[in-house]
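Architecture and fold: a report
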Amino acid sequence: MTEIPRHDVIILGAGLVGCALALALAKGGVTSILVDPADPQAIRAATNDGRASAVSSSTWRMFDALGLEPAFAPHASPIERIEVGEQGARGLLAFQPDLANDGPLGMMVENRTLRMGLRDAAAAAEGVTLLMPATPQTVERDADGVRITLADGRRIAGALLVGAEGRRSPTREAARIAVARWEYRHVAIVGMLDHSEDHRNVAHELFYTAGPFALLPMQGGHRSALVWTVAEADAPAMLTLSPRAFLAEADKRMKGMLGTLSLAGPLSSYPLGFHHAAHITDERLALVGDAAHGIHPIAGQGVNLGFRDAAALAEVLIEGVRLGLDPGDAQLLQRYERWRGLDTFSVAAATDGLTRLFGVPGRAASRVRRLGIGIVERVPALKDFFMAEARGESGALPRLLSGQAI
Ligand SMILES: Cc1cc2nc3c(=O)[nH]c(=O)nc-3n(C[C@H](O)[C@H](O)[C@H](O)COP(=O)(O)OP(=O)(O)OC[C@H]3O[C@@H](n4cnc5c(N)ncnc54)[C@H](O)[C@@H]3O)c2cc1C
């Protein structure tokens, strides 16, 4: 049996958040092993994950601090303004940052670009051992440390186990951590739309009772990422529409605002749900990203929350190791739990409330929503609050999210 030298941290899941964590740890001299059963070549396929992510400006600063910005910048489009509409009425509320002083609200990047960039950087980083494809078979975790045997017989060991395997995290299940979860009975239809008019770096969030319809500006001016939330029961029919019929339905929501439309690639669909782990640490264990929480994509915050987990956990561990503590030390894990527990819960609760508020049918509910939108539009302090949320700048920020090294 091959014995791989002991590392400080074992991260199960080399997705967006797992790779970001490994890179952040490496910058502070904390070693890690990343384990993922997926085929590394599959993420390069053009058909892999047709989604794009709204990367908040604070996450973007973390990319800069981790040396990733040059890999992503050529493929990214800034979000310079967000316009909100309701039931066909457009421009009811607009978020317009001071671009010269504060920069854009975030950047749109295809998930495939993010996955490849993060994975390649992790593979090349000193102090990171990437085992992919590799499947964990047995996992032992106790006061002495973490020991894992992989399906191919190799054995790895470390001081701390991190579950970063996404929403169905086997690590979270094995630790018997309770999870609050519910399904929205909605499906997100996701794809890329080309349009004849320039989007001018504006993101549109159009709320309809059937679900929000979001258009996010992609690079080049004439392409937007579509995230169209529809009732679960309607999704199969929507996905079998001819491209022409689908575009006609989309245009009914957009009312010609971006000119003539065409599909830039295949559509995909994702069932939407909410989940939140009751706690994110256990003996020599921490959860990050979707393994810890999953929210509706209405506010484009899911992976940003995960990156915040990675930045906070890296800061806690690096500082602890510098003080001579073991990376699996219970006090360090408690600090991570306290730091992230409240932030993720408040963003999750706000997103869930928004999803429900904008899903209530009827004219009375619509009037209440417009009243709320009107108030936010007229009160600068409220607008600034929402813009800080979109930028991922609220709460106690880990240093990496301010663009500083740990
Ligand atoms: C339609 C839609 C649109 C979205 N848009 C946005 C957006 O605009 N902005 C935003 O911030 N977020 C968005 N999100 C959320 C975002 O996609 C997720 O939060 C993000 O992918 C979570 O990253 P992760 O690394 O935690 O998990 P994942 O990306 O799911 O990665 C998990 C990794 O773990 C691996 N794995 C699985 N099982 C095991 C195992 N047993 N052992 C080891 N590894 C394993 C997998 O192969 C994978 O590589 C959206 C989500 C949806 C559904």
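Above this text sits the structure in question.
Heads up: these notes are all about the structure in this document. (Residues numbered from 1 in each chain as written. Predicted model: local features only at pLDDT ≥ 70, side-chain atom pairs only at ≥ 80, totals over all residues.)

**A closer look at the overall build of the protein chain**
In terms of regular secondary structure, the protein chain is built from 12 helices and 20 strands. Taken against the 2.2 N^0.38 rule, which gives 22 Å for 406 residues, the C-alpha radius of gyration of the protein chain at 21 Å falls within 12% of a compact globule. Dimensions of the protein chain, computed from C-alpha atoms along their principal axes, come out at roughly 60 × 45 × 40 Å. In the protein chain, which comprises 406 residues, the proportion classed as buried is 47%. Long-range pairs, those at least 24 residues apart, make up 75% of the contacts in the protein chain between residues at least 6 apart in sequence. (Helix = DSSP H or I, 4+ residues; strand = E, 2+ residues; numbered from the N terminus. Rg over C-alpha atoms; globule rule 2.2 N^0.38 Å. Buried ≥ 20, exposed ≤ 12 C-beta atoms within 10 Å, placed from the backbone. Contact = placed C-beta atoms within 7 Å.)

**A word on helix H9 (residues 302-322)**
Its 21 residues place the ends of H9 31 Å apart at the C-alpha level, agreeing with the 30 Å of an ideal helix rising 1.5 Å per residue. Trailing H9 by a residue or two, Gly324 shows a phi angle of about 90°, which is positive. (Expected span 1.5 Å × (residues − 1).)

**As for unusual backbone geometry**
Among all residues except glycine, the phi angle is most often negative; among peptide bonds, the trans geometry is most common. In the segment running from Met132 into Pro133, the intervening peptide bond is cis, with an omega of 5°. On the secondary structure map, Pro133 appears in the loop between strand S8 (128-131) and strand S9 (136-142). Located in the positive-phi region is Arg284, a residue other than glycine, with phi close to 50°. With respect to the secondary-structure elements, Arg284 resides in the loop between strand S18 (281-282) and strand S19 (285-287).

**A look at the pairing of strand S3 (residues 52-56)**
Of all the 5 residues making up S3, 5 are buried; the element is thus mostly covered by neighbouring parts of the structure. Every second residue of S3 is oriented toward a common face, with Ala52, Ala54 and Ser56 on one face and Ser53 and Val55 on the other, all of them buried. The sheet contact formed by S3 and strand S7 (residues 106-110) spans 5 bridges and is antiparallel. Each residue of the ladder has a partner; that of Ser56, found in S7, is Gly106. (Pairing = 2+ DSSP bridges.)

**Observations concerning the site of the ligand**
Around the ligand, the surrounding shell holds 32 residues, and the nearest of these are Gly13, Gly15, Gly166, Gly289 and Gly302. When contributions to the shell around the ligand are tallied by element, the ones reaching two or more residues are helix H1 (16-27), S3, strand S12 (179-195) and H9. With 4 residues, the top contributor of residues to the shell around the ligand is H9. Here the residues of the shell around the ligand sort into 17 nonpolar, 11 polar and 4 charged. (Near = placed C-beta within 6 Å. Nonpolar A, V, L, I, M, F, W, Y, C, P; charged D, E, K, R; others polar.)

**A few points about the pairing of strand S10 (residues 145-150)**
Burial along S10 is one-sided: Val146, Ile148 and Leu150 are buried, and none of Gly145, Arg147 and Thr149, which face the opposite way, are. Pairing analysis gives 6 bridges linking S9 to S10, with the strands arranged antiparallel. Of the residues in S10, the one forming a bridge with Val139 is Ile148. Counted between consecutive antiparallel strands, the loop separating S9 from S10 contains 2 residues. By the bridge criterion, 4 bridges tie S10 to strand S11 (residues 155-163) in an arrangement that is antiparallel.

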